[in-house]
Amino acid sequence: MTHSTEQRPPASLDEFLWLEDIYGDRPLEWVRAENALTEEKLITPGFREMESRVLEVLDSTDRIPLATKRGSHYYNFWRDAGHPKGLWRRTTWASYTTAAPEWEVLIDVDALSADEGEEWVWGGTLFLRPASGDDYSRVLVALSPDGGDATRYREYDIGDRSFVDGGFDIPTAKSRISWAGPDTLNVATDFGAGTLTSSSYPRTVRRLQRGQALQDAGLYFEIPGHHMMALVSRDQTPGFERDVAVDTIDFYSSRTHLRVDGEWVHLDVPEDVNVSLHRQWLICRPRTDWSCGGENHAAGSLLVIGLNDFLAGDRSFTCVFTPDAATSLQSWSWTRDYLLLNLLRDVSSEIRILDPAKDWTAGLLDACPPLHAVDAFAVDDEDPEAGNDYWLVATGFLTPSALYRGEIGGTHRQVKATPSFFDEDAFHVEQHFAVSEDGTRVPYFQVAPKDLVLDGGNPTLLSGYGGFEHSMTPAYSGVVGRGWLERKTDDGRRGVYVLANIRGGGEYGPRWHQAALHSERHRAYEDFAAIARDLVRRNVCRPALLGCTGRSNGGLLVGNMLATYPELFGAISCGVPLLDMRRYTKLSAGFSWIAEYGDPDKPEEWEYVRTFSPYHLVRPGTPYPETLIWTATSDDRVGPVQARKMAARMKDMGVGNVWFHEALEGGHAGASDNRQAARMHVMTHEFLWQALTRNA
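Residues numbered from 1 in each chain as written. Predicted model: local features only at pLDDT ≥ 70, side-chain atom pairs only at ≥ 80, totals over all residues. Heavy atoms only, no water.

Next up on the list: the overall build of the protein chain. Scanning the protein chain from terminus to terminus reveals 14 helices and 39 strands. Computed over its C-alpha atoms, the radius of gyration of the protein chain comes to 25 Å, within 12% of the 26 Å expected for a compact globule of 696 residues. With respect to the principal axes defined by its C-alpha atoms, the protein chain has extents near 70 × 60 × 55 Å. The 696 residues of the protein chain split such that 59% are buried. Here the protein chain displays about 27,300 Å² of accessible surface, and carbon together with sulfur accounts for 48% of that area. Mean positive and mean negative side-chain charge positions of the protein chain (69 and 99 charges, respectively) differ by 3 Å. (Helix = DSSP H or I, 4+ residues; strand = E, 2+ residues; numbered from the N terminus. Rg over C-alpha atoms; globule rule 2.2 N^0.38 Å. Buried < 20%, exposed > 50% of the residue type's maximum accessible area, 1.4 Å probe, protein only. Areas by Shrake-Rupley, 256 points an atom, 1.4 Å probe, with all protein chains shown as cover. Lys, Arg positive; Asp, Glu negative; His and termini not counted. Charge placed at Lys NZ, Arg CZ, Asp CG, Glu CD.)

On to unusual backbone geometry, then. Notably, Asp-359 is not glycine yet its phi reads approximately 60°, a positive angle. Of note, Asp-359 is situated in the loop between strand E26 (348–355) and strand E27 (361–364).

Here we take up the packing of aromatic side chains. Applying the stated criterion across every chain yields a total of 36 aromatic pairs. Their ring planes at 25° and their centres at 5.7 Å tell us that Tyr-75 and Trp-88 sit as a pair that is stacked. In this pair, Tyr-75 sits in strand E2 (residues 73–80) while Trp-88 sits in strand E3 (residues 83–91), placing the two residues 13 residues apart along the sequence. Here Tyr-75 matches Trp-88 in class, with each residue buried. Grouping aromatic residues by their ring pairs yields a cluster made of Tyr-75, Phe-77, Trp-88, Trp-122, Phe-127, Tyr-136, Tyr-156 and Phe-163. Looking at Arg-26, its charged tip hangs above the ring of Trp-18, at a distance of 3.7 Å from the centre. Between Arg-63 and the ring centre of Trp-78, over which it is positioned, the NZ or CZ distance is 4.0 Å. (Phe/Tyr/Trp six-rings, centres within 6.5 Å; stacked < 30°, edge-to-face > 60°. Lys NZ or Arg CZ within 6 Å of the ring centre and 35° of its normal.)

Okay, the packing of helix H1 (residues 25–42) against helix H13 (residues 641–652) next. Packing of H1 against H13 brings their axes to within 12 Å, and their N-to-C directions diverge by 70°. Between H1 and H13, the angle is such that the two are roughly perpendicular. The hand of the H1/H13 crossing is left-handed. Residue-level contacts link Pro-27, Leu-28, Trp-30, Val-31 and Glu-34 of H1 to Arg-644, Ala-647, Ala-648 and Lys-651 of H13. (Axes fitted to C-alpha atoms, helices over the stretch in contact; angles between N-to-C directions. Parallel < 35°, antiparallel > 145°, perpendicular 65-115°, else oblique. Left-handed = near helix turned anticlockwise from the far one by under 90°. Contact = heavy atoms within 4.5 Å.)

Attention now moves to the nonpolar core. Counting 115 residues, the largest nonpolar core has Leu-462, Ile-531 and Phe-569 as the members making the most contacts within it. The biggest single contributor to this core is helix H14 (residues 674–695), with 10 residues. For Ile-531, the residues in contact, after removing those within four places along its chain, are Ala-434, Val-442, Pro-443, Tyr-444, Leu-462, Val-498, Ala-500 and Ile-502. Residues Leu-267, Leu-277, Cys-284 and Leu-303 belong to the second largest nonpolar core, which totals 16 residues. (Core = buried A, V, L, I, M, F, W, Y, C linked by side-chain atoms within 4.5 Å.)

Of the residues in the protein chain, 97% reach a pLDDT of 70 or more, and the chain-wide mean stands at 95. With pLDDT under 50 throughout, residues 1–11 is counted as low confidence; its partners more than four residues away or in other chains account for 18 contacts. (pLDDT = per-residue confidence, 0-100.)

The tally for this structure, following the rule as stated, stands at 52 salt bridges. Residue Asp-438 is joined to Arg-523 by a salt bridge in which the shortest nitrogen-to-oxygen separation is 3.8 Å. In this pair, Asp-438 sits in the loop between strand E32 (427–435) and strand E33 (441–449) while Arg-523 sits in helix H8 (residues 522–537), placing the two residues 85 residues apart along the sequence. Here Asp-438 falls in the partly exposed class, since its relative accessible area comes to 36%. Shared partners join several salt bridges into a network, and the residues in it are Asp-438, Arg-503, Glu-520, Arg-523, Glu-526 and Asp-527. (Salt bridge = Lys/Arg side-chain N within 4 Å of Asp/Glu carboxyl O.)

Looking now at the sheet that holds E26. Here 4 strands make up an open sheet; going across it, the order is E24-E25-E26-E27 and the pairing antiparallel. The open sheet has two edge strands with one neighbour each: strand E24 (327–334) and E27. Each neighbouring strand pair of the sheet contributes to a mean axis angle of 30°, computed without reference to strand direction. Strand direction decides the pairing type here: strand E25 (residues 339–345) and E26, joined by 7 bridges, are antiparallel. In the strand pairing of E26, Leu-343 is matched with Glu-350. (Pairing = 2+ DSSP bridges.)

A separate point is the sheet that holds E2. A sheet is described by the order of its strands in space; here 4 strands give the open sequence E1-E2-E3-E4, paired in antiparallel fashion. Either end of the sheet is taken by a strand with one partner, and the two such strands are strand E1 (68–70) and strand E4 (104–108). Within the sheet, the average angular offset between the axes of one strand and its neighbour, ignoring direction, is 30°. Sheet analysis places E3 next to E4, joined by 4 bridges and oriented antiparallel. Along E4, the bridge assignment pairs Arg-90 with Glu-104. The sheet contacts of helix H4 (residues 109–116) involve E2, E3 and E4, and relative to E3 the element is tilted by about 120°.

Right, let's get into H1. The end-to-end C-alpha separation of H1 is 26 Å, in line with the 26 Å expected for 18 residues at 1.5 Å each. Of all the residues in H1, the buried ones are Pro-27, Leu-28, Trp-30, Val-31, Glu-34, Asn-35, Thr-38 and Leu-42. Down the axis, H1 shows its buried residues gathered within 150° of arc, on one side only. Counted as exposed and oriented over 90 degrees from the buried face of H1: Asp-25, Arg-26, Glu-29 and Glu-40. (Expected span 1.5 Å × (residues − 1). Arc of directions from axis to C-beta.)

Quick look at the pairing of strand E15 (residues 242–250) now. Of all 9 residues in E15, 8 are buried, a share of seventy percent or more. Sheet topology note: the strand E14 (residues 229–235)/E15 ladder contains 7 bridges and is antiparallel. Residue pairing in the sheet places Ser-233 in a bridge with Val-244 of E15. With antiparallel pairing between neighbouring strands as the criterion, E14 and E15 make up a hairpin whose turn holds 6 residues, including Gly-239 at a positive phi of roughly 90°. Sheet analysis places E15 next to strand E16 (residues 253–260), joined by 6 bridges and oriented antiparallel.

Dropping the structure here:
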């Protein structure tokens, strides 16, 4: 689908640059005024009732407390109504398997925030491996002051249940840190002028000794400033201790280095090959076809070779997985003696177990029903008794998520399960394929009432992403169930939910992703539009009853639906989006995404980038669907300014049905606790439902 660009404003004219001052008084005054308009429109007694029902899902104490095994304990981070900022806690296996585990609380983030006068948001932990025979005791705790990507790292003593007095304390920044030993850290952070890349991430890694001032840490590894990010990780596996440095050039290119005899040795593989190490093995996943050692390896395959053999010049990789037209590799995990592969076959899960001792022979794990997502990963590959145990997380649109534990060669049993949050039995899941503009078959999932009447009269929500090789897979959501599926129109019709698997994602591996890169970006948008048309063709809905939603890169997706395909939709919710593709590389972490979209500062690339820059595509006099554009002030990844500018430009054009909302905290997720998350979800669902059913 093509549109004239004659009446679009020149890229050089940006009358809303003033909104890029994120914390400026004038922009924030504009934000508060827009928030008030949107909240007045949406927040009704019905909104608050739904918000309460969604918060009940998010705060449910019957949710699965997913746990990470470290030594003899199982660690979990948990939020609920009584602890909105969360608890970091641990328990034993015997207690974990009970209906009501006894948790030892290590950090109460709400209490910590109150004590320190800082609204901390949990960011995770980094454990120091203890000496042989000891349990884990030291950990770096990551805390964000506003829910953004920038975090502070502080050393914590698990036994004392307190932060270490005088311990490591890395100031808030977009840091990448690893333990180098009990008294040493590998620190990639903001060390001052010249130490960050153009993407706002660290370009140097330094060795910080206990008691040493951060500015005195010695340089250990560095990369050019136009690359994306530097990091050094410490492999703490007994017998295989080593430092690995990664020069991340862009999202899809990197160079991996191994520390050998005090020097960095480059692992000589193409820059678009993903590299990892596990004990004696070097594992490679090429993103494009790769000829090596006399063999041709397909993009998306998985290759293994002995690390020492590789360093000695051997290139005779063993290919342990080769993709086909329907099947792609999503992830892998090592137990003590086996390799687990998580695959997608036409966007349904398949799990293979490979045995290195038997020439990598593979068997299937019988745990994957059709149209479901199931992931398998090791519990603790170093546990002397349970080294071949695995976790299994299974979920489906109408199947509450369940956690299993099994042993390779044995069986698996359910450990925990999510309760039912809506009437799943009233709905049915189907997979369909739309035909895109270039003839490509594009899958999508449809969750609809069993008594669905195909007369075009059903309020339908289409969701998608289509970028960064991220796969959109089936998942149980009480929020979607209550917030969309169970709603009813005045004539008793329930909502239909649709999940798109468009190009740009990873559902079919690297080729599916690369089909929508740079100048081919329009393929992702054509795919999404094809699904919208297919829903109308199949009489699920008509355009006035079709809404779409997307966040981040998905916000760019639905922003292009708004700007280029407005006739296909009755309403659009556009969250934490990229929209101004002329300036995206100048805003927040945008420079790091050039590998995905292209460089607008190069005239030849701007020629195609401009064709999917919604900020430059909207024009006066166009009948746009009702639109909600929402973001968060503290989002330091995409940033709030693109959403602000888009809403302001449309309003300035006289578009009367565009609404804007900006959460004043919450980071790129748009929410830093369950209360904020409930408000965010309900705002989208309430807006779309009102707009579609009113338009109908």
